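# Observations on the model geometry
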Amino acid sequence: MECAFDNLDAAGFLEIWQHFDADDNGYIEGKELDHFFSHMMRKLGPEDEVTEERVQRLKQRFMSAYDVTVDGRLQIQELAMMILPEDENFLLVFRREAPLDNSVDFMKIWRKYDADSSGYISAVELKGFLKDLFQEHGKVVSPSKLDEYTDTMMKIFDRSKDGCLDLNDLARILDLKENFMLQFQMNATSHEERKRDFEKIFNHYDVSQTGALEGVEVDGFVKDMMELVRPSITGPELDKLRAVLLGHCDVNKDGKIQKNELALCLGLKPNKV
């Protein structure tokens, strides 16, 4: 499939993304898509007449190939696959076989690269993250290109425009799947329902299978629980909530939440879990 942007670099990609994601909601959709494909048609055939019918045909053709999530809109990674040459596609380093499906794994990455424990990922920390990812993929990137990619990532994903990435910004970059907790009815009344749900929840966050939540396992649990109440929390808020949960549930003060301790916190009798 021919590309209309053969010489596009990261800075040029950023300009296109910001222009067509007019409402800055993280997607190109609806009329934004039509405008983008009209622009693409002019790039592909400057002498050809741009008609609504031809735009829709081009749109269908490209969306069937690149709309991986099949939701009728373009995410940033999907647009990058469509228009960025492979040697310039810095977003490829984030591509996985499947989306990140556990907040514990997400928090492991967050804790590693929030090196100063500020609750945010700075530009310097993001550069370190990108550098490690390029090395993992065996891709050699010059210092100037690494700076360019870091700057572009910040401009695309820093929704608050404060020069830092928060938890939600990183979740967008890493394509973190929907909150695991959303599948459960938190008002389940029967003991059997609560027992069943508790087992699934605990096993999901006990990634190390030690029978206790510790470290980033507690982080992942807190993140998902609190986002049931409020769609987005910041790193500093998560740290405060984590301390509250440990203070309430960590009865033996070992810095972990044992399975029976969490059961008590959730109003379940340990001998019935």
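Predicted model, so just to flag it, every value in this text is computed and none were measured.

## Brief notes about the pattern of salt bridges
- Scanning the model with the defined rule gives 15 salt bridges in all.
- Taking the shortest distance from any N to any O, the salt bridge between Arg73 and Glu29 comes out at 3.5 Å. Of this pair, Arg73 sits in the loop between α3 (52-66) and α4 (76-83) while Glu29 sits in the loop between α1 (10-20) and α2 (31-44), and the two are 44 residues apart along the sequence.
- Its salt-bridge partner being Glu199, residue Lys259 comes within 2.9 Å of it at the nearest N-O pair. Residue Lys259 is located in helix α12 (residues 259-265), and its partner Glu199 is located in helix α9 (residues 191-205); the two are separated by 60 residues in the primary sequence.

## Regarding the side chain of Asp34
- Here Asp34 shows up in helix α2.
- Setting aside chain neighbours within four positions, we find Asp34 in contact with Val55, Gln56 and Lys59.

## Brief notes about the nonpolar core
- With 76 residues, the main nonpolar core has Phe13, Phe36, Phe37, Met82 and Phe94 as its most contacted residues.
- Excluding its chain neighbours within four sequence positions, the residues that come into contact with Phe13 are Leu8, Ile76, Leu79, Ala80, Ile83, Leu84, Phe90, Leu91 and Ile156.

## Observations concerning the state of the cysteines
- The full count for this structure, using the stated rule, is 1 disulfide.
- Between the sulfur of Cys249 and that of Cys265 lies a disulfide, 1.8 Å long from S to S. The S-S bond linking Cys249 to Cys265 shows a torsion near -135°; that makes this disulfide left-handed. Residue Cys249 is found in helix α11 (residues 235-249), and its partner Cys265 is found in helix α12; the two are separated by 16 residues along the sequence.
- Classification of Cys249 as buried rests on a relative accessible area of 1%.
- On the accessibility criterion, Cys265 (23% relative accessible area) is partly exposed.

About the cut-offs
Residues numbered from 1 in each chain as written. Predicted model: local features only at pLDDT ≥ 70, side-chain atom pairs only at ≥ 80, totals over all residues. Heavy atoms only, no water. Salt bridge = Lys/Arg side-chain N within 4 Å of Asp/Glu carboxyl O. Helix = DSSP H or I, 4+ residues; strand = E, 2+ residues; numbered from the N terminus. Contact = heavy atoms within 4.5 Å. Core = buried A, V, L, I, M, F, W, Y, C linked by side-chain atoms within 4.5 Å. Buried < 20%, exposed > 50% of the residue type's maximum accessible area, 1.4 Å probe, protein only. Disulfide = S-S within 2.5 Å.

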